[in-house]
Amino acid sequence: MITGILTGFGILLFAFVWQTSLDGINRKIVGRFQKRIGPKWYQQFRDIFKALSKTGVTHGWVFDFGVMMALGGIMATVMFLPVVGYSAFPGMDNFFIFVYLLAVGMLGMAMSSVGSGNPLAGIGVMRALTQMVGYEVPFMIVILGIIFGHNTSSLSELAAIQQASGIMTWNLVKMPIGTVVAYISLLGMLGKKPFETFIAPAEIASGPMVEYGGKQLGMLMIMHEFATFIEVTLFVTLFLGGATTLFGFIAKYFVVYILASLISNALARFKIDQVIKFYYKVPITLAIVQALMVVFLGWGV
Amino acid sequence: MDNTVEKQENIRKGWDGISRFFRANSIWMLMYCTGCCAIELPQAMTSRYDMERLGMGPMATPRQADVLLITGYLSLKTLRRIIYAYEQMSTPKYLVAFGPCTLNGGIYYDSHAVINRLDQYLPIDVYIAGCMPKPEAVMNGFNDLIGMIKRKEANGWKKYEQNKDWYRKNQIQALGELRIKDEFHE
């Protein structure tokens, strides 16, 4: 019990420190990408703590409560993640837990930002939920194929199955089409550039974040770091075979996240209707092809 | 009794120092690009001078921003929006004014539609000289602002709180009517 709780807080601390540092490193890499020097690697920490040290305005209790619900929901989700074999609640890392718990945090943020009353926040939330409908369907088809093929939906068991004989049993090698689809969905989840429609700072003034300042903005930035950690860790566990060592985990995580960020900086932004049309044309077709291959031909099992 | 008060004071001072370190090294800007000085900001932001290495970056809304940049002359209509934006920012907030137009009206000093001295209406922390200021001058001004935040000298927002009546009187004199409100909750 005590060790479980300590493990949970350890995972939380690791998630915050690692993802926030990586965001700083990422800003540095993007800076070099654009022929700039870029900020210090710990710039993201400074931004978060600065935001927490400012005063914040309130727009009523729904606004404040939603921020706490978002941060709390996301932190609870992180505690269920199995990271490098450590897990706060062993045996309870079913994939569907994450699907449901992630929604708590996201809905908290949606409630809070709509509670601010700003029309741009409403547009942003509407776009975020529409985009979620877009990427969830192909993503879930691929994941259900994996669960059908391996006969388990536990994340740690899926990781163990993939670790059986090195790189050849990773889902990346066995289901390459599904991996591509899941990566495109991951770009949508992270809000990276072709699917950045719901943030869009130049168009709808950063969408759901439009009315946040000071402490609430700091808490939402922490929430964003945790959400990114969950999404990238899910991808690493489901397709890159998880990791048995901390170094392996960090290396895989780094490659997945930095690649997403580089793609983001090379592309322009879709409109929301283009996002949905794209997701319902290309990735969903590929996802169905992958699922048919797994279910009827038994390839990649 | 005195001991605990002293302790609390020390804690407050320590926390103040820490938060000033973070504030000085992470400045988010709200750019109000009214006049010609705004054209000097892209050079300061992109690869030639790279503002982000000082921890500065553009932000989309007044709520998120720390510093309001006023780039050039201000007509009366613009002044009204500037005041609304400044009142929305969360404290501590800073204000940087570009060029002579904000200082004494610049080349528009005799226009009926343009205000001459911005510091009658809002507290300015840093003026940046030049018409228009070169990117070097812009970066120098931002360095000055960072130094002032570190040395606890960027107190424009405190001055505004203390002398609010005086500022409000000037604003109403220029604009006639001023409605500061939360327009989404009426």
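Quick caveat: nothing in here was measured; it's all calculated off a predicted structure.

(A) Structural detail: the overall build of chain A. When helices and strands are tallied, chain A shows 12 helices and zero strands. When the helices and strands of chain A are read in sequence order from the N terminus, they spell out α-α-α-α-α-α-α-α-α-α-α-α. Against the globule reference of 19 Å for 301 residues, chain A gives a C-alpha radius of gyration of 19 Å, in line with a compact fold. Along the longest, intermediate and shortest principal axes, the C-alpha atoms of chain A span 55 × 50 × 40 Å. Counting over 301 residues, chain A shows a buried share of 55%. In chain A, once contacts between residues fewer than 6 apart in sequence are set aside, the share between residues at least 24 apart is 81%. Total accessible area on chain A stands at roughly 12600 Å², and carbon and sulfur atoms take up 76% of it. With 19 positive and 12 negative side-chain charges, chain A shows a spacing of 12 Å between the two charge centroids.

(B) Expanded view of helix H1 (residues 2-33) of chain A. Under the 1.5 Å per step criterion, the end-to-end length of H1(A) is 46 Å for 32 residues, consistent within 8% with the ideal 46 Å. Where H1(A) ends, the next residue or the one after it, A:Lys35, has phi of about 60°, a positive value.

(C) How the structure looks around the interface of chain A and chain B. On the chain B side, the residues contacting the 33 residues of chain A number 26 residues. Carbon and sulfur atoms supply 53% of the area that chain A and chain B bury against each other, a total of about 2500 Å² over both sides. On the chain A side of the contact with chain B, A:Arg46, A:Lys50 and A:Lys54 bury the most area, a combined 25% of that side's loss. For the pair chain A and chain B, the number of links is six salt bridges. For A:Arg36, the salt bridge is made with B:Glu52, and the minimal N-O distance between the two is 2.5 Å. Joining chain A to chain B, the criterion identifies 19 residue pairs in polar contact (both at pLDDT 80 or more). When residues of the side of chain A that touches chain B are traced back to their parent elements, those giving at least two are helix H2 (43-53) and helix H10 (215-239) of chain A. Broken down by element, the side of chain A that touches chain B gets its largest block of residues, six residues, from H2(A). For the side of chain A that touches chain B, a count of residues per class yields 12 nonpolar, 13 polar and eight charged.

(D) A look at the pairing of strand E3 (residues 67-71) of chain B. Residue and element names in this part refer to chain B. Most of E3 sits out of view: five of its five residues are buried. Burial of E3 is two-sided: the residues Val67, Leu69 and Thr71 facing one way and the residues Leu68 and Ile70 facing the other way are all buried. Pairing geometry for strand E1 (residues 27-32) and E3, over four bridges, is parallel. Counted as the bridge partner of Tyr32 is Ile70 from E3. Note that E3 and strand E4 (residues 94-98) share five bridges and pair parallel. Within E4, the residue paired with Leu69 across the bridge is Val96. Traced from E3 through helix H3 (residues 76-88) to E4, the parallel crossover comes out right-handed.

(E) Molecular detail of the sheet that holds strand E2 (residues 56-58) of chain B. Residues and elements named next belong to chain B. With respect to topology, five strands assemble into an open sheet ordered E2-E1-E3-E4-E5, the strand pairing being parallel. A single partner strand is all that each edge strand has here, and the edge strands are E2 and strand E5 (126-128). Pairs of neighbouring strands in the sheet enclose a mean axial angle of 25°, with direction left out of account. Looking at chain direction, E1 and E2 are connected through three bridges and run parallel. In the sheet register, Trp28 faces E2, and the bridge partner there is Gly57.

(F) Seen up close, the packing of H1(A) against H10(A). All names here are of chain A. The N-to-C vectors of H1 and H10 enclose an angle of 100°; their axes lie 9 Å apart at closest approach. Relative to H10, H1 is oriented roughly perpendicular. Here Leu12, Phe14, Ala15, Phe16, Trp18, Gln19, Thr20 and Asp23 of H1 come into contact with H10, specifically with Ile222, Glu225, Phe226, Thr228 and Phe229.

(G) The side chain of A:Glu231, seen in detail. Residues and elements named next belong to chain A. Relative to the helices and strands, Glu231 is located in helix H10. Lacking a salt bridge, the buried Glu231 has Lys192 as its closest oppositely charged neighbour, with an N-O distance of 9.5 Å. Beyond its immediate chain neighbours, meaning those up to four positions away, Glu231 contacts Met106, Leu186, Met189 and Leu190.

(H) Broad picture of unusual backbone geometry. Residue and element names in this part refer to chain B. The residue after Thr91, namely Pro92, is reached through a cis peptide bond having omega -5°. In this fold, Pro92 is placed in the loop between H3 and E4. Put simply, Cys131 and Met132 share a cis peptide bond, and its omega is -10°. If you trace the backbone, Met132 turns up in the loop between E5 and helix H4 (135-150).

(I) Quick peek at the environment of A:Tyr183. Residue and element names in this part refer to chain A. Relative to the assigned elements, Tyr183 resides in helix H8 (residues 176-190). A sequence separation of 12 residues divides Tyr183 from Phe195, and the C-alpha atoms of the two residues are 12 Å apart. Beyond its immediate sequence surroundings of up to four residues, Tyr183 is in contact with Phe235, Val256, Leu259, Ala260 and Ile263. Of note is the side chain of Tyr183, whose polar atom sits 2.8 Å from the backbone oxygen of Val256.

(J) Here's a closer look at the nonpolar core. By size, the foremost hydrophobic cluster in this structure holds 73 residues, and its most contacted members are A:Phe95, A:Phe226 and A:Phe229. Of the residues forming this core, the biggest block, 15 residues, is contributed by H10(A).

What counts and what doesn't
- Residues numbered from 1 in each chain as written.
- Chains lettered and ligands numbered in written order.
- Predicted model: local features only at pLDDT ≥ 70, side-chain atom pairs only at ≥ 80, totals over all residues.
- Heavy atoms only, no water.
- Helix = DSSP H or I, 4+ residues; strand = E, 2+ residues; numbered from the N terminus.
- Rg over C-alpha atoms; globule rule 2.2 N^0.38 Å.
- Buried < 20%, exposed > 50% of the residue type's maximum accessible area, 1.4 Å probe, protein only.
- Contact = heavy atoms within 4.5 Å.
- Areas by Shrake-Rupley, 256 points an atom, 1.4 Å probe, with all protein chains shown as cover.
- Lys, Arg positive; Asp, Glu negative; His and termini not counted.
- Charge placed at Lys NZ, Arg CZ, Asp CG, Glu CD.
- Expected span 1.5 Å × (residues − 1).
- Buried area = accessible area lost by both parts, 1.4 Å probe.
- Salt bridge = Lys/Arg side-chain N within 4 Å of Asp/Glu carboxyl O.
- Polar contact = N/O pair within 3.5 Å; in protein donor to acceptor, adjacent residues only side chain to side chain.
- Nonpolar A, V, L, I, M, F, W, Y, C, P; charged D, E, K, R; others polar.
- Pairing = 2+ DSSP bridges.
- Right-handed = clockwise from strand over helix to strand, strands pointing away.
- Axes fitted to C-alpha atoms, helices over the stretch in contact; angles between N-to-C directions.
- Parallel < 35°, antiparallel > 145°, perpendicular 65-115°, else oblique.
- Core = buried A, V, L, I, M, F, W, Y, C linked by side-chain atoms within 4.5 Å.

Structural measurements only, silent on function.
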